There are 2 protein chains.
Amino acid sequence: MFSQTTEYAMRAVVALAAGDGRPMTTKRIAEMMRVPPSYLAKVLQALVRGGLVNSTRGLRGGFVLAKAPSEIKLLAIMDVVSPIKRIEHCPMDHDGHSSVLCPLHRRLDHAMSLVEEAFGSTTLQEVISEENPCPTLQGELQQLRDLPS
Amino acid sequence: MFSQTTEYAMRAVVALAAGDGRPMTTKRIAEMMRVPPSYLAKVLQALVRGGLVNSTRGLRGGFVLAKAPSEIKLLAIMDVVSPIKRIEHCPMDHDGHSSVLCPLHRRLDHAMSLVEEAFGSTTLQEVISEENPCPTLQGELQQLRDLPS
DNA sequence: GGATAATCGGATTCTTATATCCTAATTATC
DNA sequence: GATAATTAGGATATAAGAATCCGATTATCC
C-alpha cells in the first residue's frame, strides 16, 4: 500500500537515527537496510532536498539527520517522497462547487486521515528506542558499534 | 494513496448499489461516475471475477451487484483490485527467522491495519444511505429515476 | 433465424514508478 | 597539489499501472 520509495526512505532515515551521528555513506546504509544502493542514492537526494537530511561530500562524507530524531515524524519522511494527497473535494464533481465530500470520498479521505494521524504522531525517536527484535538490523548495528573510528 | 483502479472500482460498485437493481451498462456507469469507459470495462471484469458483481450479456444486459449492499464491505472491493498486503515479517530480515516485526515495520503495518479496519467495518449500504451532498451524483441518480423502464 | 446490443478477452499503447550507470563536482588527507 | 572517497545530477533502462482499441462471443428481440 505504501510505495517502495517510501519504504526505502523510512529505512534510510531509521539507519541514520540509529547510527552514532557520524556521516554514513550511501553504500553503508544500503547494505545495512537492504536497499538497492544506486536507487538509495536518489532517495537520499530527495531527503536532502526535503530538508530532513544533510549531506557532506568528499572523503569521510556521507549523510546525517538534519534534526534530532525526536523532532522528525514519520509523516515528514513520507511527505518528502510520496505525500498523502487528502481529498479536498469530490473528484466526480467536475465543477468543484461542493466543499463537502460525498459519502464515498468521505470514507476514502477518512482512511487517509488515519494514516496521516498515525505517522504524524510517531517520531523517529520512538521507533529507534523501541525494543528491536529484528535480528538482522541488530547485527548490523552491532558491527557498526564495533568499528574503529 | 489508493490506486486509481481502487477509486474506479469503488465508484462503480457505489453506482450499482445506488441503482434500481436493473442491470447497468458499462457506458452508463462510466458517464455517471466519470470513469474512462474502456478502462471501467476492465475493472468491472475484475469485480465479476472477484464475485462482487454479476454480469449478463446481450441486449438489456449489464452489471448488477452479486449481494445486497449491506453484505458488501468496502474492503472486499479493495481486495479484488489491489489488496492490502499486510507485513508478515520484516522485509529486511532475509532469512525470515523473526516472526515479530521490527519497530519500523510494526508502525507501517499498523497504519495498514487502520485502513483495513476502516474499510472492513463499512458496508456499501452505509455509504449509499448516508446523506449525499455531492450534486453531481445526485443529479445523475435523479435522471436515472426519471428514466422510462 | 437474422439483426442488434452488450459483455468478454486479447493485444497494444501511454504513463509513471523503480532501478541502474556514468560523469562531474566536492572534500579530507597525504 | 595530487589522490582517493564521496555526493550530485543527468541519461537511460526496466517494470508496473493505467488506459485504449478491436474482434469474438453471447443474449434478446423481431
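Residues numbered from 1 in each chain as written. Chains lettered and ligands numbered in written order. Predicted model: local features only at pLDDT ≥ 70, side-chain atom pairs only at ≥ 80, totals over all residues. Heavy atoms only, no water.

A.B. asks: For this particular structure, what's the right way to read the overall build of chain A?
C.D. replies: A tally of helices and strands in chain A yields seven helices and two strands. In chain A, the succession of helices and strands from N to C terminus is α-α-α-β-β-α-α-α-α. Looking at chain A as a whole, 45% of its 149 residues qualify as buried. Across chain A, every contact between residues at least 6 apart in sequence was considered, and the portion connecting residues at least 24 apart equals 63%. Of the roughly 7500 Å² that chain A leaves accessible, carbon and sulfur atoms contribute 50%. (Helix = DSSP H or I, 4+ residues; strand = E, 2+ residues; numbered from the N terminus. Buried < 20%, exposed > 50% of the residue type's maximum accessible area, 1.4 Å probe, protein only. Contact = heavy atoms within 4.5 Å. Areas by Shrake-Rupley, 256 points an atom, 1.4 Å probe, with all protein chains shown as cover.)

A.B. asks: Help me understand the nonpolar core in this model?
C.D. replies: The biggest cluster of nonpolar side chains holds 87 residues, and the ones touching the most others in it are A:Phe119, B:Leu47 and B:Phe119. In contact with B:Phe119, other than residues within four places in its own chain, are A:Arg107, A:Leu108, A:Ala111, B:Phe2, B:Met10, B:Lys73, B:Leu74, B:Leu75 and B:Met78. (Core = buried A, V, L, I, M, F, W, Y, C linked by side-chain atoms within 4.5 Å.)

A.B. asks: Whenever I open this one, helix H5 (residues 103-120) of chain A confuses me. Can you help?
C.D. replies: Because each turn of an α-helix spans 3.6 residues, side chains separated by three or four positions end up pointing in the same direction. In a regular helix each residue adds 1.5 Å, so 18 residues correspond to 26 Å; H5(A) covers 25 Å between its end C-alpha atoms and thus fits that length. Of all the positions in H5(A), only A:Pro103, A:Leu104, A:His105, A:Leu108, A:Asp109, A:Ala111, A:Met112, A:Ser113, A:Val115, A:Ala118 and A:Phe119 are classed as buried. Looking at the buried residues of H5(A), the elements they touch are helix H1 (4-18) and helix H4 (74-81) of chain A together with helix H1 (4-18), helix H5 (103-120) and helix H6 (124-129) of chain B. (Expected span 1.5 Å × (residues − 1).)

A.B. asks: I keep staring at the protein's contact with DNA strand C and nothing clicks. Help me out?
C.D. replies: Around DNA strand C lies a shell of 23 residues, among which A:Thr5, B:Lys42, B:Ser55, B:Arg57 and B:Leu59 are the nearest. Protein-adjacent atoms of DNA strand C, using a 4 Å cutoff, are sugar or phosphate at a proportion of 72%. A:Ser38 has a polar side-chain atom sitting 3.4 Å from a phosphate oxygen of DNA strand C. Side-chain polar atom of B:Arg57 to a sugar or linking oxygen of DNA strand C: 2.6 Å apart, as the coordinates give it. Contributions of two or more residues to the surface near DNA strand C are made by H1 and helix H3 (37-49) of chain A together with helix H3 (37-49), strand E1 (53-56) and strand E2 (62-65) of chain B. (Near = heavy atom within 4 Å. Polar contact = N/O pair within 3.5 Å; in protein donor to acceptor, adjacent residues only side chain to side chain.)

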